[in-house]
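Observations on chain architecture
One letter stands for each residue in the lines below.
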Amino acid sequence: MKKVIIIDDEPLARSIVVEYLQTHPELQLMQECSDGFEGIKAIMQHQPDLIFLDIQMPKINGFEMLELVEQPPAVIFTTAFDEYAIKAFETHAVDYLLKPFSKERFDKAVQKWLDQKPTTAPAAATETLLESASLSPSQNQRIVVKNGAKIKIIPVQEVLFLEAADDYVKIHTTDSYYLKNKTMAHFEKALDVHQFARCHRSFMVNVQHIARIDPYEKDGHLAILKSGAKVPVSKTGYVKLRQVLGL
Amino acid sequence: MQTWILYGLGFTILTDITDSVVSNLLLTAACILISNNLKYYLPQQRRYTYLLIMCLLTSGAWLLAIKYALPLVIVNESGYDAFLVKSLSVRFGVAFLVIDCMTMISVIWYGFDDQKTSAQRKTEAEKLTKDAELYKLRQQLQPHFLFNSLNSINALIGTRPQEARTMVHQLSDFLRGTLKREEQQWVTVEEELQYLQLYLDIEKVRFGNRLSTVFETDKSSLQIKMPAMILQPLVENSIKFGLYDTIGETIIRIATTISNNMLVITVQNPFDEETAQPRKGTGFGLHSISRRLYLLFARNDLLATDAQNNIFTTTVKIPQSYTEIAKISAVADKKDNFIL
């Protein structure tokens, strides 16, 4: 028996999946969720094997929800129309169902999952999927982080700078900082290159918050932010920073 | 004139005429040459030195031509050769002036011509872009809504076929309205509200209890005309913003009124100040509306947004001519009196 969860904000969109699931007695529906927060809770509670996930949902979208789940289950996306995302996850998700989808199409997606399950670790597949999905333009407007049990959505313009810290990246905002289990390279790809510059091996700075850049020690520089925070700039980082600033 | 001057200098009439005809023909040829040249190559502004050099060269060439051509045709006149050499500088001066004049006229003429065609091309291009843009803006409003509605219908067919049927009708009416509106650009507020209602009925099926709407429409504003496809996208944007930024029930308020000869439409939706990105979150919807308003009225100040106390307000103003308003409010007043 496999455990399944449906996450979609439209009741009728959930009900069609429920209906289609009736002919799959090997899949047991654990819960229906109407937004990402409920989804995260349900995933932690039930540890499902498979989730049907909508992308456009209240507060946090499907991708952002997945980012916050520590060991994401296998995912079949159900979405109406997403010009950016479809291309990105075509190769990585178990499947994606374009609404409205037929029973046959649905069965095929489930079968695909059942067939591939023993060979691929779902978590790894979902991980790669997220990497590529986060490259879509709609994804780099904000960063979603888990702060204890709370979920925090940080608009990128509020991010002052990013700092590498072991396996995490420290996201500094005006009043606090948040940790996210990602690499600097990930953010370098995901964030807007016209707004964020990798000014140092361990730092990325939001150029909109820079007040001035001072020379510092030999070859180095120091970016002074409007908030007063200081961000080190390496020799190669200085070249990149100048490029972003258009100097 | 040249003949007369030469005659006065004591040459025979035949010599005078030959001299004049030959030199003037050559001068005409030079002028035609220069004018033709300018027809195909018009120098950029401020490149007058080029023109000057061209005129000098042409005049020089003409001078050389007559210097060698005239003695060949006029052979029997004594003292003519000496006179020719003496008069060269005067001839050059006159020719240079004539060619200069010709050049100037050509430059102005072709320049004007050029400007006319480019202006024509520009207006045509602008019209094309405008049409294309308006078309595109309308197109982009549909697909997401359409596919999600079809998905809802698909779900209803299995469980509640009667409701599915109703929704198919609503969706058809809505889409028909969209197509019809492409032809007639201005419609009354009342028509727009009816059309909006179709859209809202469909959205309410999709989102169930989460979505509710409140209307506050001034009676006098109902007969006012406004561009089609402004109100519905405005509300669509508000619904998306409201529904995707809050959890639980979303109330959308829609108000229309007249103020300062403008139709004023306000749409309000709840949002969460903590998580929303007021500027970015409004997304495509508002941008396209403000662009359309700009294309229609050439004004950038007709759409305004305001975010306060977790309520996001979008205000759109549609300029009206004074007489239109007066006429309509007069009619509305009469109606009211009647009822009283």
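What you are looking at is a predicted structure, and each value in this text was computed from that prediction instead of being measured.

**Re the overall build of chain A**
Across its full length, chain A holds eight helices and 15 strands. The buried share among the 247 residues of chain A stands at 40%. Within chain A, contacts between residues separated by at least 24 positions form 54% of all contacts whose residues are at least 6 apart in sequence.

**So, the overall build of chain B**
When its secondary structure is counted, chain B shows eleven helices and seven strands. Across the 340 residues of chain B, 28% fall into the buried class. Residue pairs at least 24 apart in sequence account for 77% of intrachain contacts in chain B once pairs closer than 6 positions are excluded.

**Some thoughts on the sheet that holds strand β13 (residues 210-216) of chain A**
Residue and element names in this part refer to chain A. Taken in spatial order, the three strands of this open sheet run β13-β14-β15, and their pairing is antiparallel. The open sheet has two edge strands, β13 and β15 (230-233), and neither has a second partner. Direction aside, the axes of adjacent strands within the sheet are offset by 25 degrees on average. Two strands pair when backbone bridges link them, and strand β14 (residues 220-225) and β15 are joined in this way by four bridges, in the antiparallel orientation. Across the sheet, residue Ala223 finds its bridge partner in β15, namely Val231.

**Side note on the environment of Ala307(B)**
All names here are of chain B. By the element assignment, Ala307 lies in strand β6 (residues 303-308). With 16 C-beta atoms packed within 10 Å, Ala307 lands in the partly exposed category. A C-alpha to C-alpha distance of 9.5 Å links Ala307 and Gln268, two positions 39 residues apart in sequence.

**As for the interface of chain B and chain A**
Counting residues at the interface gives 23 residues for chain B and 19 residues for chain A. Counting only elements with at least two residues in the side of chain B that touches chain A, the list comes to α5 (143-159), α7 (189-207) and α8 (231-245) of chain B. With twelve residues, the top contributor of residues to the side of chain B that touches chain A is α5(B). Considered class by class, the residues forming the side of chain B that touches chain A number nine nonpolar, eleven polar and three charged.

**Describing the environment of Arg142(A)**
Among the structural elements, Arg142(A) can be located in strand β6 (residues 142-147). Once the C-alpha coordinates of Arg142(A) and Ile154(A) are considered, the two residues, twelve residues apart in sequence, prove to be 5.4 Å apart.

**Topic: helix α3 (residues 48-73) of chain B**
For an α-helix, the turn length of 3.6 residues means that residues three or four places apart are oriented alike. Compared with the 38 Å implied by 1.5 Å per residue over 26 residues, the 37 Å span of α3(B) between its first and last C-alpha is a close match. Within the sequence span of α3(B), burial applies to Cys55(B), Thr58(B), Ser59(B), Trp62(B) and Ile66(B).

**Description of the sheet that holds strand β8 (residues 159-165) of chain A**
Residues and elements named next belong to chain A. Reading across the sheet, the five strands line up as β10-β9-β8-β12-β11 and stay open at both edges, with antiparallel pairing between neighbours. Only two strands of the sheet have a single neighbouring strand rather than two, namely β10 (177-180) and β11 (196-200). Pairwise comparison of adjacent strand axes, ignoring direction, gives a mean angle of 20 degrees for this sheet. Sheet topology places β8 next to strand β12 (residues 203-206); three bridges connect them, and they run antiparallel. Counterpart to Leu162 in the pairing with β12 is Met204.

**Points about unusual backbone geometry**
Following Lys99(A), the chain continues to Pro100(A) via a peptide bond in cis, the omega torsion being -10 degrees. Here Pro100(A) lies in the loop between β5 (95-98) and α5 (103-116). Residue Asp166(A) is not a glycine yet carries a positive backbone phi of 50 degrees. Among the structural elements, Asp166(A) can be located in the loop between β8 and β9 (168-173). With 7 C-beta atoms counted inside 10 Å, the residue Asp166(A) sits in the exposed group. With phi around 65 degrees, Asn310(B) is a residue other than glycine that occupies positive phi space.

**Some words on the pairing of β6(B)**
All names here are of chain B. Where β6 and strand β7 (residues 311-319) come together, six bridges link them in antiparallel fashion. Across the sheet, the residue bridging to Ala304 is Thr315, located in β7. Here β6 folds back onto β7 in antiparallel fashion, the turn holding two residues, of which Asn309 has a positive phi close to 45 degrees.

**Structural notes on the packing of helix α1 (residues 11-21) of chain A against α5(B)**
Helices that pack against each other are described as a pair by the angle of their axes relative to one another and the distance between those axes. Closest axis-to-axis distance for the α1(A)/α5(B) pair is 8 Å, and the angle between their directions is 55 degrees. If you check the angle between α1(A) and α5(B), you find them oblique. Of the two possible hands of crossing, α1(A) and α5(B) adopt the one that is left-handed. Facing Leu12(A), Ala13(A), Ser15(A), Ile16(A) and Glu19(A) of α1(A), the residues of α5(B) in contact are Asn151(B), Ser152(B), Asn154(B), Ala155(B), Leu156(B), Gly158(B) and Thr159(B). When the residues that make up the contact of α1(A) with α5(B) are grouped by side-chain class, the tally is five nonpolar, six polar and one charged.

**Side note on the confidence of the model for chain B**
Residue and element names in this part refer to chain B. Per-residue confidence for chain B averages 80 on the pLDDT scale, and 85% of its residues sit at or above 70. Ignoring residues within four places in sequence, the model shows residues 336-340, a span with pLDDT below 50, making zero contacts including any to other chains. Confidence estimates for the predicted assembly give a pTM of 0.65 and an ipTM of 0.72.

About the thresholds
- Residues numbered from 1 in each chain as written.
- Chains lettered and ligands numbered in written order.
- Predicted model: local features only at pLDDT ≥ 70, side-chain atom pairs only at ≥ 80, totals over all residues.
- Helix = DSSP H or I, 4+ residues; strand = E, 2+ residues; numbered from the N terminus.
- Buried ≥ 20, exposed ≤ 12 C-beta atoms within 10 Å, placed from the backbone.
- Contact = placed C-beta atoms within 7 Å.
- Pairing = 2+ DSSP bridges.
- Axes fitted to C-alpha atoms, helices over the stretch in contact; angles between N-to-C directions.
- Nonpolar A, V, L, I, M, F, W, Y, C, P; charged D, E, K, R; others polar.
- Expected span 1.5 Å × (residues − 1).
- Parallel < 35°, antiparallel > 145°, perpendicular 65-115°, else oblique.
- Left-handed = near helix turned anticlockwise from the far one by under 90°.
- pLDDT = per-residue confidence, 0-100.

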